[in-house]
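The chain contents come next:
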Amino acid sequence: MSTNSINGATDHESFTLPLITSHRSLANSTSQVAIVGANVCPIESLDYEIAENDFFKQDWRTSRKIQIFQYVFMKWSLCFLVGIIVSLIGFFNNLAVENIAGVKFVVTSNMMLLHRYGMAFLVFSVSNLVLTLFASIITAFVAPAAAGSGIPEVKAYLNGVDAPGILSLRTFVVKIIGSISAVSSSLLIGKAGPMVHTGACIASLLGQGGSKKYRLTGKWLRFFKNDRDRRDLVTCGSAAGIAAAFRAPVGGVLFALEEMASWWRSSLLWRAFFTTAVVAIVLRALIDFCLSGKCGLFGKGGLIMFDVYSANVTYHLIDVPPVILLGVTGGILGSLYNFLLDKVLRIYNLVNEKGTVYRILLACSISIFTSCLLFGLPWLASCQPCPADASEACPTIGRSGNYKKFQCEPGYYNDLASLIFNTNDDAIKNLFSRNTDAEFQYSSILIFFITCFFLSIFSYGIVAPAGLFVPVIVTGASYGRFIGMIFSSKSSLNHGLYAVLGAASFLGGSMRMTVSLCVIILELTNNLLLLPLIMLVLLVSKTVADAFNCNIYDLIMKAKGFPYLETHAEPYMRQLTVADVVTGPLQLFHGIEKVGNIVHVLQTTRHNGFPVIDEPPLSDCQVLYGLILRAHLIELLKKKIFSSSPVPMGPDALEQFSAGDFAKRGSGNGDKIEDIQITEEEMEMFLDLHPFTNASPYTVVETMSLAKARMLFREVGLRHLLVIPKISSRSPVVGILTRHDFMPEHILSLHPLLFRSRWKRLRIRLPQLFKFL
């Protein structure tokens, strides 16, 4: 093992480098654009452990009841603000997309009514290109971390991975503007994933404890200057993002619990539920405002597909086989979708690693290709006569609806254009709509499914904010409706219901969630009678897909090189002890250390934590006193509370510090050792580290299994885990375990025989698996 894991967690020198590159470097990727060739940069870890040093204990003892009240009050107040802001942004995102895209489709349709098809295509393709170009330019040059869904980044953050820029103010602004522009450009991407990222950004910015740059330094804000409280607030923000995207408050809480958060407790559940409840109430009020017709082409303000299938559902035992078939189909297609998307992202990386211009050119190429498909494919479908019992005007002219006229004569409609030449939300509504069993042809649904399946894969990796939820729902709904058309004569379920179940199956097969997806779909369709069928199709699809690969967000995190710790440990970790991955030499500090030694270590290393030991005459023998953080050492050097002789620090010296001095900085860069000027005379002085050293760090004995230590590391949310010897006569500390040491790539590189035995077991199991399938 390299020295970095011993000397205190240089997380940026992690072994978990992006797997999409052909060679490894000492840097790591931080944003979705890393997949498509962005410059890589260091990744740090978050530290959820409270540093219980003497200074912290003294500060806590002096806290009054009013300060405890302030802390609790600010927790709930910030959750309330997160809910308000996320709901407003979610509503106006939908409002902007529907109006921008709606104007584009209305102008294009009006030209087609005049039979000016060439000019209509030109307006349609150029407007799409301009919107895509704008989104890609601001993303590439202003905030590369805003590209992609953002869910993998937030999920990694909640696991303890702190990639620079993923929750910054720039990322927040570009995520909103870029998502509106990209989704309006008719790319087959969604806005649900970016809403999760947006909610996390809002929570992180509010939880930074104020800002010296913008003169927001209220005393009440200082309580959140730590990773633990920010993590909880970001969890609430991610739940609010899903609630705002789908108007599914309970689904948002369960999504954060099932997919996002690596650490959960009952009080966090209450605050997440409160945040999503605020989102639901605000959205309800805003949508009521749209009922007056003041929202333009947004109509009555229905978010995505809410309430499109509110009807009594009856089903029988004969309907179960088609539903199971939907689940199996969704599992196979979902795993194939994940596999192809991973391969496409790797190919995009080879193209875009040449520079920013190539990333933007790739985005523009995808936009032009998409425009040609969306405008050209409806010409392959034949015009259908309008049904006599249509529930709305047929053909649809000048607005969204089920019966797009496109190139057809009066009294006829183009069923493929109703799906493909439309916004994604309107396409979902058309697929989910009831009493439309005779609306679509087999060929149109099949063409639409193939187009959505591959176009969503090619569209995701571009340098622009892009979500996966809506494309997966559209794709799943299309093949679900197709299967419903096949079994229509033998089933009592209508085609719209099959589309709902198809969307659920593809979501389960690609994203591998069950409980949260089930509740989200129920809240979207507003029909509790669908619960047994949705549960069945999700269970089958996830079970089938898990036999092939992992969920899409885990694949993206792996490709980006995020050192994400999974819930379960690999079996071979039980064969190893922590001593098998810890080697020397070990860098230590003494309880009273020479200033020159501290400066030298900080300048020559980038480690973030250091063991502190005491030796005679301060103690009877050499003992481990605790662990001190790099940021705390830099703060001590800034204050220059030095002594000319190695003596303990007096109580007067402690009064020169406040709790804010040792608080976690915001999204800006913290202080660096290079910025501190130390004279030659000061280099010869001494600094007492005892009052600022965490005297009760988590430790494990060197004979503990690696799997057990990994479980402790992940569940507690540690950044450093000290390894102590089993025999007391040795050095009081053997080394430090960091996130790097638990990564499978690192472990297998140290013990290649484990890799061979792992591959041997896999070769034995693969034939058995295929035989079972």
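Residues numbered from 1 in each chain as written. Predicted model: local features only at pLDDT ≥ 70, side-chain atom pairs only at ≥ 80, totals over all residues. Heavy atoms only, no water.

As recorded in an unreviewed UniProt entry, the chain goes by the name Chloride channel protein, listed as coming from Manihot esculenta. Of the chain, the UniProt comment under Subcellular location (unreviewed entry) reads exactly: "Membrane". In its Sequence similarities (unreviewed entry) section, the UniProt entry covering the chain states "Belongs to the chloride channel (TC 2.A.49) family." (UniProt positions renumbered as here; feature names shortened; annotations may be inferred.)

Draft legend 1. Fine view of the sheet that holds strand β7 (residues 609-614). Spatial ordering of the open sheet is given by β5-β7-β8, a layout of 3 strands whose pairing is mixed. Two strands lie at the open edges of the sheet, namely β5 (589-590) and β8 (623-629), each paired on one side alone. In this structure, β7 lies alongside β8, joined through 6 bridges in antiparallel fashion. Bridged to Asp 614 within β8 is Val 623. Here helix α21 (residues 630-639) sits on the sheet and contacts β5, β7 and β8; the angle it forms with β8, its principal contact strand, is near 80°. (Pairing = 2+ DSSP bridges. Helix = DSSP H or I, 4+ residues; strand = E, 2+ residues; numbered from the N terminus. Contact = heavy atoms within 4.5 Å. Axes fitted to C-alpha atoms, helices over the stretch in contact; angles between N-to-C directions.)

Draft legend 2. Just α21, in detail. Of all 10 residues in α21, 7 are buried; the element is thus mostly enclosed. Against β5, α20 (595-604), β7, β8 and β9 (686-688) lie the buried residues of α21. Backbone geometry just after α21 places Lys 640 at a positive phi near 60°. (Buried < 20%, exposed > 50% of the residue type's maximum accessible area, 1.4 Å probe, protein only.)

Draft legend 3. Expanded view of the pattern of salt bridges. With the rule as written, the count across this model stands at 16 salt bridges. Lys 191 is the partner of Asp 425 in a salt bridge, and the nearest nitrogen-oxygen pair spans 3.0 Å. With Asp 425 in helix α13 (residues 424-432) and Lys 191 in the loop between α5 (169-184) and α6 (192-206), this residue pair connects regions lying 234 residues apart in the sequence. Judged by its relative accessible area of 5%, Asp 425 falls in the buried class. With a shortest N-O distance of 3.3 Å, Arg 512 and Asp 546 are connected by a salt bridge. (Salt bridge = Lys/Arg side-chain N within 4 Å of Asp/Glu carboxyl O.)

Draft legend 4. Highlighting the confidence of the model for the chain. Here the chain averages 82 in pLDDT, and 84% of its residues register 70 or above. Under a pLDDT of 50 for its full length, residues 762-773 has, in the predicted model, 2 contacts with residues more than four places off or in other chains. (pLDDT = per-residue confidence, 0-100.)

Draft legend 5. Local environment of unusual backbone geometry. Within the chain, Ser 186 stands out as a residue other than glycine whose phi angle is a positive 70°. On the basis of relative accessible area, Ser 186 is assigned to the buried category, the value being 11%. Even without a glycine there, the phi angle at Lys 640 is positive, about 60°. Among the secondary structure elements, Lys 640 is positioned in the loop between α21 and α22 (651-654).

Draft legend 6. Layout of the environment of Phe 172. Considering the arrangement of structural elements, one finds Phe 172 in helix α5. The exposure class of Phe 172 is buried, given its relative accessible area of 14%. Taking the C-alpha atoms as reference, Phe 172 lies 5.9 Å from Thr 198; in sequence the two are 26 residues apart. Contacts of Phe 172, omitting those with residues within four sequence positions, involve Ile 89, Thr 198, Cys 201, Ile 202 and Leu 205.

Draft legend 7. Expanded view of the pairing of strand β11 (residues 721-724). Where strand β10 (residues 699-701) and β11 come together, 3 bridges link them in parallel fashion. Bridge pairing in β11 links Thr 699 to Leu 722. Handedness of the crossover joining β10 and β11 through helix α24 (residues 706-716) is recorded here as right-handed. Two strands pair when backbone bridges link them, and β11 and strand β12 (residues 735-737) are joined in this way by 3 bridges, in the antiparallel orientation. Looking at the pairing, Leu 722 lines up with Ile 736 of β12. (Right-handed = clockwise from strand over helix to strand, strands pointing away.)

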